[in-house]
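Notes for the structure review
If you want the building blocks of each chain, they are given just below.
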Amino acid sequence: MTCLLQAQDVSVRYGSLAALTGVDLCVHDGQRHALIGPNGAGKTTLLNVIGGSTKPQRGSVRFAGRNVGRLGPAARARRGINRIHQRPAVFPTLTATENVVVAALPRVIRRRRWWPGGTRRTAQHRAGSLLEQMGLADVAAVPAGHLAHGQRRQLEIAMALAGRPRLLLLDEPAAGLSATEVGRLVDLLRALPRAVAVLLVEHRLDLVYALSDTVTVLRDGRTLAAGTPDEIRTSPLVRQAYADGVS
Amino acid sequence: MMDEVIRRVRRSVAALVLVGLVVAPWVVDDYTAAILARTLALALVGVSVALLTGVAGMPTLGQTAPYAAGAYACAVVGSQISDVGVVQLVVAAGAGAVLAALTVPLVVPARGVIVLMITLAICELVVTVLGRWRSVTGGTDGLAGIAAVRPFWGLPALASDQARYLYTLVVVATLVGAVLLLLRTRVGLVLRAGRDDETRLRASGHRVPLYLSGAHILAGAIAGAAGSLLVVAQQYISPADFGFDTSALLLLGVVIGGTASVGGALVGAALVIAVRDWLFGVLPGHAPLVLGVLFVATVYLLPSGVKRVRGPRDRSQPPTVPPSRPDATPARDHATVPELRA
């Protein structure tokens, strides 16, 4: 089975600090893959490399069979790699609906290039159904800057899905959420279409084990272990790493 | 209730201003009509400043550059090729757009204060070129004796200040209406989103530089068209019409009117220019002082501009946000998810 996303021998240095050293990663179509490890392990750096906001000094990133290493975040998003940030990134002065419409437009424009009048309507329709799905229909007309943190997180997921991604990068989606909101988030992520592959970076192992099919453990910028959640849970290497002070 | 009252008052004031603008030529003298026409032209440049500063998030001090390009292109065409207003408008808008397009590589990649500095430098360069290119621009003496404009082929020339004012009013109303319509399309939505968070917009897959370049060129075309209206109103232009003080006053007017509002920019720019021109006669030498006081008072009392006077429960206030509907995605307590208890 070929990889949807394949990162090979990725290395990133910040001055004398090696953030990533020769990391390999493969995510298949529809797979839920988690990246875990202690602070400074290189999880977010790897996500940045895949999302296009950090250029690696060495290694390659291929997506859907194509080398995307030279592409920026916008071009990667148009190819199907969308990201949810650690701190919900929304457009605060636009309403929830307008936020999702903006996120849906690149995809809609590409499909309906010759019917410009219909693009806004199509995006609006898609935004309505996504907000309904996320339970945000009641706040559709509220500026995103006035939404609660948990609602902004749901809105950001709706925005990411509006672009019909093939791979969703989730950077600590549970950060700052209450227990109830985490429960809702788990439901939302489980309800994602199987066509969407997920690469999840998360400190909370309970969340990782609940959501992922496979897990990669990073430590000091290198791959420590990779396998199913059960294999990772029982791995002596990982236990040792976590005994050394991983949260 | 209070919102409704404020909304009605706002609409009434807007309607009164519109009626006043339409009937003005029949109730004011020639001099005032000429000042009003010039003020409208500058207010249209203010709209282009608001489009860049408030909508696209690129604060600018350089819109007098395409304004000057449009005015001189119009003056040259009006003197040597055609006295038809539509032709002059198209040429002026084209000249403004071309100048803006040429400066895209300098302006669009920059952000914040850097944009202000680059656009100011462009403005100063253009004014310097206008002052030295005597064979075309007449140098610092400017171009005078430009023929009165005819709005369309077959129509008589606009011989009076009142007629020229009405022509200016129609063009400004048409262009402002077009800008307002554009801002209601997806292009306006994407520009506003980019002003909020450009990085997020890129992450959604939008070609942000393309939108910003388009906004810059469009604003240049609007300023260029405004330059044509200045020529129609004054029948004389010189580099002094396009200096730094005009740029600064326009930005001041847009800030006073509310940067994110096209109507507010129109009102603010018109207010500032009118205060400057009328007080020049009434309080000689004191107009800058009054403008300074007006600016400080606006920033302190109405930080969002005069157009943004809002009721107590208007959108600037955080609305009551209902919680997400639980039935759409049933929320479960974290502890009730078996896997999460591990």
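Throughout this description, residue numbers start from 1 for each chain and increase along the sequence as written. Think of it this way: whatever chain is written first is A, whatever ligand is written first is 1, and the rest follow in order. Given that the model is predicted, a residue must reach a pLDDT of at least 70 before its local features are reported, and side-chain atom pairs must reach 80 or more before they are shown or counted; all residues, however, enter totals for whole chains, interfaces and linings.

**Section: the overall build of chain A**
Looking only at helices and strands, chain A has nine helices and 10 strands in total. What counts as a contact is two residues whose backbone-derived C-beta atoms lie within 7 Å of each other. In chain A, of all internal contacts separated by at least 6 residues, the share reaching a separation of at least 24 is 67%. Secondary structure follows DSSP: runs of H or I at least 4 residues long count as helices, runs of E at least 2 residues long count as strands, and numbering of each begins at the N terminus.

**Description of the pairing of strand E4 (residues 58-63) of chain A**
Residue and element names in this part refer to chain A. Two elements, strand E1 (residues 5-14) and E4, share five bridges in a ladder whose sense is antiparallel. The residue bridging Gln 8 from the neighbouring strand is Ser 60, located in E4. Two strands pair under a simple rule: DSSP has to find at least two bridges between them. Bridge analysis of E4 against strand E5 (residues 66-67) gives two bridges, and the strand direction is antiparallel. Residue pairing for E5: Phe 63 is matched across the bridge by Arg 66. The hairpin formed by E4 and E5 contains two residues between the paired strands, and Ala 64 there has a positive phi angle of roughly 50°.

**Here's the deal with the pairing of E1 of chain A**
Residues and elements named next belong to chain A. Where E1 meets strand E2 (residues 17-27), seven bridges bridge the pair, whose relative direction is antiparallel. Note that in E2 the partner of Ala 7 across the bridge is Leu 25. Hairpin geometry of E1 and E2 is characterised by an intervening segment of two residues between the two adjacent antiparallel strands and by a positive phi of about 65° at Gly 15.

**Brief notes about the packing of helix H2 (residues 30-55) of chain B against helix H7 (residues 161-183) of chain B**
All names here are of chain B. As a rule, the C-alpha atoms of each element are fitted with a line to give its axis, helices using only the stretch in contact, and angles between N-to-C directions run from 0 to 180 degrees. Direction vectors running N to C along H2 and H7 enclose 15°, while the axes themselves pass 8 Å from each other. Considering their axes alone, H2 and H7 lie roughly parallel with respect to each other. Between H2 and H7 the crossing geometry is left-handed. Along the contact surface, H2 presents Asp 30, Ala 33, Ala 34, Leu 36, Ala 37, Leu 40, Ala 41, Ala 43, Leu 44, Val 47, Leu 51 and Val 55, while H7 presents Asp 161, Gln 162, Arg 164, Tyr 165, Thr 168, Leu 169, Val 172, Leu 175, Val 176, Val 179 and Leu 183. Looking at side-chain class alone, the contact of H2 with H7 contains 18 nonpolar, two polar and three charged residues. In what follows, roughly perpendicular refers to angles from 65 to 115 degrees, roughly parallel to angles under 35, roughly antiparallel to angles over 145, and oblique to any angle outside these ranges. By definition, turning the near helix anticlockwise from the far helix through less than a right angle yields a left-handed crossing, and turning it clockwise yields a right-handed one. Polar here means any residue outside two lists: the nonpolar Ala, Val, Leu, Ile, Met, Phe, Trp, Tyr, Cys and Pro, and the charged Asp, Glu, Lys and Arg; Gly therefore counts as polar.

**Focus on the sheet that holds strand E3 (residues 32-36) of chain A**
Residues and elements named next belong to chain A. Taken in spatial order, the six strands line up as E6-E7-E8-E3-E9-E10 in an open sheet, and their pairing is mixed. Sheet topology places strand E6 (81-84) and strand E10 (222-227) at the edges, where each strand pairs with a single neighbour. Strand-to-strand, the axes of this sheet are offset by a mean angle of 20°, without reference to chain direction. Where E3 lies against strand E9 (residues 214-219), four bridges are found, and the strand directions are parallel. If you follow Ala 34 over to E9, its bridge partner there is Val 215.

**Quick notes on the nonpolar core**
Here is a general trend for soluble globular proteins: nonpolar side chains tend to be buried in one another's company. Counting 175 residues, the largest nonpolar core has Val 100 and Ala 158 of chain A together with Leu 44 and Ile 222 of chain B as its most contacted members. It is H2 of chain B that contributes the most residues to this core, 17 residues altogether. Looking at this core, you find at least three residues from each of domain 1 (1-80 + 165-247) and domain 2 (90-162) of chain A. Definition of nonpolar core: a set of buried Ala, Val, Leu, Ile, Met, Phe, Trp, Tyr and Cys residues joined via C-beta atoms within 7 Å. Counting other C-beta atoms within 10 Å of a residue's C-beta gives its exposure: the residue is buried at 20 or more, exposed at 12 or fewer, and partly exposed in between, where C-beta atoms are placed from the backbone. Domain start and stop positions are those given by an automatic or database domain assignment.

**Here's the deal with the environment of Leu 46 of chain A**
Residue and element names in this part refer to chain A. Structurally, Leu 46 is set in helix H1 (residues 43-51). Separated by 129 residues in the primary sequence, Leu 46 and Ala 175 place their C-alpha atoms 18 Å from one another. Excluding residues within four positions of it along the chain, Leu 46 makes contact with Val 10, Leu 20, Val 23 and Leu 35.

**Structural notes on unusual backbone geometry**
Residue and element names in this part refer to chain A. Phi at Arg 164 takes a positive value of approximately 45°, unusual for a residue other than glycine. Mapped onto the elements, Arg 164 comes out in the loop between helix H5 (149-162) and strand E7 (167-171). When the 17 C-beta atoms within 10 Å are taken as the criterion, Arg 164 is described as partly exposed. Despite not being glycine, Asp 220 shows a phi value in the positive range, around 50°. Within the element layout of this structure, Asp 220 appears in the loop between E9 and E10.

**Digging into the packing of H2 of chain B against helix H11 (residues 244-257) of chain B**
When two helices pack together, their arrangement is given by the angle between their axes and by how far apart the axes lie. Residue and element names in this part refer to chain B. Between H2 and H11, whose axes approach to 9 Å, the crossing angle comes to 70°. Between H2 and H11, the interaxial angle falls into the category roughly perpendicular. Relative to H11, H2 is oriented so that their crossing is right-handed. Judged by residue contacts, Leu 42, Val 45, Gly 46, Val 49, Ala 50 and Thr 53 of H2 engage Leu 250, Leu 251, Gly 253 and Val 254 from H11. Looking at the contact of H2 with H11 residue by residue, the classes come out as seven nonpolar, three polar and no charged.

**Quick look at the sheet that holds E5 of chain A**
Spatially, four strands are ordered E2-E1-E4-E5 (chain A) in an open sheet, and the strand pairing comes out antiparallel. In this open sheet, the two strands that pair with only one neighbour each are E2 and E5 of chain A.

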